[in-house]
Amino acid sequence: MFDYRYHALSLAAVLFALALGILIGVAIGDTNLVSSAKNGIVHNLNSEVSAARGKAGQLQERLGEEEAFANGLYPLAVRELLGRRSIGLVFLGGTSDQVNALVRAAVTQAGGDLATVVAVREPLDLAGIAHDAAGTHYAAIASSIPLVERFGELAGRQLVSGGQLVDRELLSRVRGHLLSAFDGQLTRLEGLVVLRAEPTGMSAAESEASAAFESGLLAGVVAARVPAVGVELSGAEVSEISWYKGKGISSVDDLDALAGQAALVYALSGDHGTFGAKSTADSLLPAVTAGSVAP
């Protein structure tokens with residue numbers, strides 16, 4: 001294996017020898033010794049650089065071969081794992097076209113359908129929700145954090161059930177004030193992908209309400225026994241993995257990597273865990289067994 005530390009130490013030793021040779025040459029007044037030492041060091045440096053470039057080229061070639069192998073294996077590894085399943089994507093605190101595209105590609109590759117994409121409006125428009133919920137006990141939502149959390153749980157259950165619950169029309173009634181974006185249709189979901197962004201620019205009261213709603217939303221999804229997976233990109237400035245873990249759902253911290261997309265598919269199909277390349281992950285991928293691979 002190519003070891004950069006070895007070459008760094010070699011170059012340091014060469015430079016030290018050069019400096020020592022120059023000092024000795026100056027001390028005894030022998031310019032030929034200085035010139036000879038310099039030429040020898042330059043030759044050694046050129047050899048080290050040439051060797052390093054050769055090793056780097058070999059590693060790059062090998063990496064390309066392994067990436068080609070992974071790209072070829074990936075479709076087989078996820079084939080029909082989500083066959084005909086309807087999957088949803090919910091954004092909490094901001095949308096991402098990149099995440100939308102990556103989730104859609106991963107779900108489609110595995111034979112599923114990204115049927116519903118929603119973005120929760122943050123900060124919550126509690127006054128608007130209260131107005132739309134007139135005639136129900138959620139009309140008092142603006143003055144009660146516990147009521148906000150219970151409303152979030154109801155919204156989570158309705159989101160994955162397609163509204164097929166008691167008060168099934170409530171989510172449709174408040175949708176305009178609750179959601180900032182809605183794409184697809186409200187239908188029964190068999191998996192939910194969650195992207196959360198840490199709330200910013202909100203007052204303490206607004207942050208408290210958003211936190212209560214988000215907790216309730218995921219509690220409702222978990223209670224409905226629908227697999228939920230929190231995701232983020234490799235370069236996320238603020239990681240939400242610990243938040244996902246605290247809510248009892250699986251997570252993937254490298255959605256923009258092929259391994260991350262595979263982990264998402266396996267998590268949506270039932271594998272539970274904290275997957276990815278960051279220190280918060282338990283493993284890069286779920287343990288794949290014969291029973292977890294579609295025929």
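Conventions used here
In every chain, residue numbers begin from 1 and rise along the written sequence. Per-residue local features of the predicted model are confined to residues with pLDDT of at least 70, and side-chain atom pairs are confined, for both listing and counting, to 80 or more; whole-chain, interface and lining totals are unaffected and use all residues. Side-chain figures throughout are based on the complete set of non-hydrogen atoms in the structure, without hydrogens or water. Two strands pair under a simple rule: DSSP has to find at least two bridges between them. Strands are runs of DSSP state E lasting at least two residues, helices are runs of H or I lasting at least four, and both sets are numbered from the N terminus onward. Axis definition: a line fit to C-alpha positions, over the contact stretch in the case of helices; interaxial angles, taken between N-to-C directions, run 0 to 180 degrees. Put simply, a crossing is left-handed when the front helix is turned counterclockwise from the back one by less than a right angle, and right-handed when it is turned clockwise. We call two residues contacting when some pair of their heavy atoms lies within 4.5 Å. Each residue gets one of three labels, nonpolar for Ala, Val, Leu, Ile, Met, Phe, Trp, Tyr, Cys and Pro, charged for Asp, Glu, Lys and Arg, and polar for the others, Gly among them. Ring geometry is summarised as follows: Phe, Tyr and Trp rings, the Trp one being its six-membered ring, pair when their centres sit within 6.5 Å, and such pairs are stacked at plane angles under 30 degrees, edge-to-face over 60 and tilted between the two. Whether a charge lies above a ring is judged from NZ of Lys or CZ of Arg, which has to be within 6 Å of the ring centre and within 35 degrees of the ring normal. Nonpolar cores are built from buried Ala, Val, Leu, Ile, Met, Phe, Trp, Tyr and Cys residues. Side-chain atoms within 4.5 Å join them into one set. For every residue, the accessible area obtained with a 1.4 Å probe (protein chains only) is divided by the maximum for its type, and the residue is called buried under 20%, exposed over 50%, and partly exposed between those limits.

One open sheet holds the 7 strands; their spatial order is S3-S2-S1-S4-S5-S6-S7, and the pairing between them is mixed. This sheet does not close on itself; its edge strands, each paired only once, are strand S3 (179-184) and strand S7 (274-275). Bridge count between strand S1 (residues 86-92) and strand S4 (residues 192-196): 5 bridges; the pairing is parallel. If you follow Val90 over to S4, its bridge partner there is Val194.

Okay, the packing of helix H3 (residues 97-109) against helix H9 (residues 258-268) next. The contact between H3 and H9 brings their axes to 9 Å, and the two run at 60°. As H3 packs across H9, the resulting crossing turns out to be right-handed. Of the residues in H9, those in contact with Leu102, Val103, Ala106 and Val107 of H3 are Gln261, Leu264, Val265 and Leu268. Of the residues that constitute the contact of H3 with H9, the class distribution is 7 nonpolar, 1 polar and no charged.

Attention shifts here to the packing of aromatic side chains. Under the defined criterion, the tally for this structure stands at 3 aromatic pairs. For the pair Trp243 and Tyr244, a centre-to-centre distance of 5.9 Å together with 75° between the ring planes defines the contact as edge-to-face. Among the aromatic side chains, those forming a connected cluster through ring pairs are Tyr138, Phe151 and Phe213. For Arg175, the ring lying beneath its charged end belongs to Phe182, and the centroid distance is 4.2 Å.

Attention shifts here to the nonpolar core. Grouped together as the largest cluster of nonpolar side chains are 69 residues, with contacts concentrated most on Val103, Phe151, Leu178, Phe213, Val231 and Leu264. Other than its neighbours up to four places away in sequence, Val231 contacts Val99, Val193, Val194, Leu195, Tyr244, Val252, Leu255 and Leu264.

A cis amide bond links Glu122 with the next residue in sequence, Pro123, at an omega value of 5°. Of note, Pro123 is situated in the loop between strand S2 (113-120) and helix H4 (126-132). Positioned with a positive phi, Glu80 is a non-glycine residue whose angle comes to about 60°. Residue Glu80 is classed as partly exposed on the basis of its relative accessible area, which comes to 44%. Although it is not a glycine, Arg225 sits at a positive phi angle of roughly 60°. The residue Arg225 is located in the loop between helix H7 (204-223) and strand S5 (228-231) in this model. Using a relative accessible area of 76% as the deciding quantity, one classes Arg225 as exposed.

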